[in-house]
Structures are given as structure tokens and as C-alpha cells.
Amino acid sequence: VVSLLLTVPCMLFAMVLPMLPATAPWTNAEVWGGNSRGVIVTWALATPVQFGVGLGMYRKAVLSVKAGSPGMEVLVMLGTSAAYAFSVLAMAMKAEGSDAELQTFFETSATLITFVFLGKFLEASATGRTTRALSALLNLQPPTALLVSG
């Protein structure tokens, strides 16, 4: 829930508000070392998703690497960490006066983590419903049966 509440506005600030005529001047205004207000807001919204919500995935990723069987968590955390780290580097370079036109991808890391957690939630929900349905089906089985032969 927290991830979704932070990711939706993060996506809006990164993808929608900079394009709307009514909000573009405010969102695109440079406020810190050449970085726009929209970039600063997406950074602020994506950071708790990356390191708060994603902390459990970081832990699972480290444990799976230590166990010698890296799984999905490793791929997700490598990808989201790369997007986040590149974005921080792009912000820092812009703040230092670099002329490089680098984009930030904070919304990408937050969105990926949110989608993975949403997928895990849906999977757990479906598994729970399936387990209850199978249990109910087994409860329909009669306690005794009469064998008729011949």
C-alpha cells in the first residue's frame, strides 16, 4: 500500500505533470543546481520505495546470493538499484554544472518494485483462495463409502 501511494505520484511527477501546460512551468522549474522540481519530488518519492519497501527484497537477494542460488529478487534489485544509482549520479552531475543531458529514472525503480510486490500480493491471494477451495472440496468427501462389486 505504501509503495503504491508513493509510486503513483512519482509516476505523475515524472511522466504526466511535466507535459501538461498548466503544471509544466511549476514542475520543470529548476530549484537545485539545475535539477527541476519534478526530479527532486520523484527522488523524494522513490527513495522510501527503493530502500524502505524494497529492503526485504534486498535482504532476500543477499541471502539467495550467499546460498548460491540467486533468484528473481537479485534481478529486480540489480535493475532497480542501477536505475536509482544512475539517477542520483545524473542529479549530482547536473548540480555540479555538467552540460550532459542525462535523464533520471527514479519512477522506473519505484514502479518495478511496486509491480513486483503487487504481483506477490496477487499470487498469495490466489494461492489462499485455491487452498480454501480445495479444502472445501475435500470436505465434501463422504466419511464412508459402500463398495458394490459384481
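Thresholds, definitions, all that
Residue numbers restart at each chain and count upward from 1, following the sequence in its written direction. Where totals are concerned, whole chains, interfaces and linings use all residues; where local detail is concerned, this predicted model gives features only for residues with pLDDT of at least 70, and gives and counts side-chain atom pairs only at 80 or more. Just so you know, side-chain values use all the structure's heavy atoms and leave hydrogens and water out. Distance thresholds for patches are 9 Å for like charges and 5 Å for nonpolar side chains (Val, Leu, Ile, Met, Phe, Trp, Tyr), applied to residues having over 30% relative accessible area and no salt bridge. Using a 1.4 Å probe, accessible areas were evaluated by the Shrake-Rupley method; residue-level cover was limited to the displayed protein chains. By definition, a salt bridge exists where a carboxyl oxygen of Asp or Glu is found within 4 Å of a side-chain nitrogen of Lys or Arg. The cut-offs for exposure are 20% and 50% of the maximum accessible area for each residue type, with area from a 1.4 Å probe on protein chains only; residues under the lower value are buried, those over the upper are exposed, and the others partly exposed. Here, nonpolar core refers to any group of buried Ala, Val, Leu, Ile, Met, Phe, Trp, Tyr and Cys residues whose side-chain atoms link them within 4.5 Å. Helix and strand labels come from DSSP, where a helix needs a run of H or I of at least four residues and a strand needs a run of E of at least two; each type is numbered from the N terminus. Only heavy atoms matter for contacts: two residues are in contact if any of them lie within 4.5 Å across the pair. Distance and chemistry together define a polar contact, namely a pair of N or O atoms within 3.5 Å, with one atom able to donate a hydrogen and the other to accept it when in protein, and with adjacent residues in sequence counting only for side-chain atoms on both sides. Only protein atoms enter the 1 Å grid used here. Points where a 1.4 Å probe fits but cannot escape make up a cavity, open sets with protein on both sides within 12 Å along at least five of seven lines make up a pocket, and a residue lines them when an atom lies within 4 Å of a point. Grid points are joined across faces, edges and corners, and a volume is the space filled by probe spheres set on the points. Residue polarity follows a fixed list, in which Ala, Val, Leu, Ile, Met, Phe, Trp, Tyr, Cys and Pro are nonpolar, Asp, Glu, Lys and Arg are charged, and the others, Gly among them, are polar.

Describing a nonpolar patch on the surface
On the surface, a cluster of nonpolar side chains totalling about 490 Å² of accessible area is made up of L4, V8, L12, M15, V16 and L20. The partly exposed category is assigned to L12, whose relative accessible area is 38%.

Some words on the nonpolar core
If you look at the biggest cluster of nonpolar residues, it comprises 19 residues, and the most contacted ones within it are L45, A46, V49, M57, V76, M77 and F106. Counting only elements with at least two residues in this core, the list comes to α1 (2-16), α3 (37-53), α4 (55-66), α5 (72-95) and α6 (106-139). Considering each element in turn, this core owes the most residues, five residues, to α5. Beyond its immediate chain neighbours, meaning those up to four positions away, M77 contacts Q50, G54, M57, Y58, A61 and I113.

Focus: the side chain of E73
Within the secondary structure layout, E73 lies in helix α5. A relative accessible area of 15% places E73 in the buried class. Side-chain polar atoms of E73 contact the side chain of K120, separated by 2.8 Å.

Section: empty space enclosed by the protein
All chains considered together, the criterion is met by one cavity of 30 Å³ or more. In this structure, the largest cavity spans a volume of roughly 30 Å³. Taken together, A90, M93, K94, S98, A100 and L102 form the lining of the largest cavity.

Considering the layout of surface pockets
Space inside the largest pocket adds up to approximately 580 Å³. Considering the residues around the largest pocket, the lining is formed by 23 residues, among which A14, S36, V39, Q103 and T104 are closest to the centre. Secondary-structure elements contributing two or more residues to the lining of the largest pocket are α1, β2 (35-36), α3 and α5. For the lining of the largest pocket, the class distribution of residues is 10 nonpolar, nine polar and four charged. Here the second largest pocket is characterised by a volume of approximately 170 Å³.

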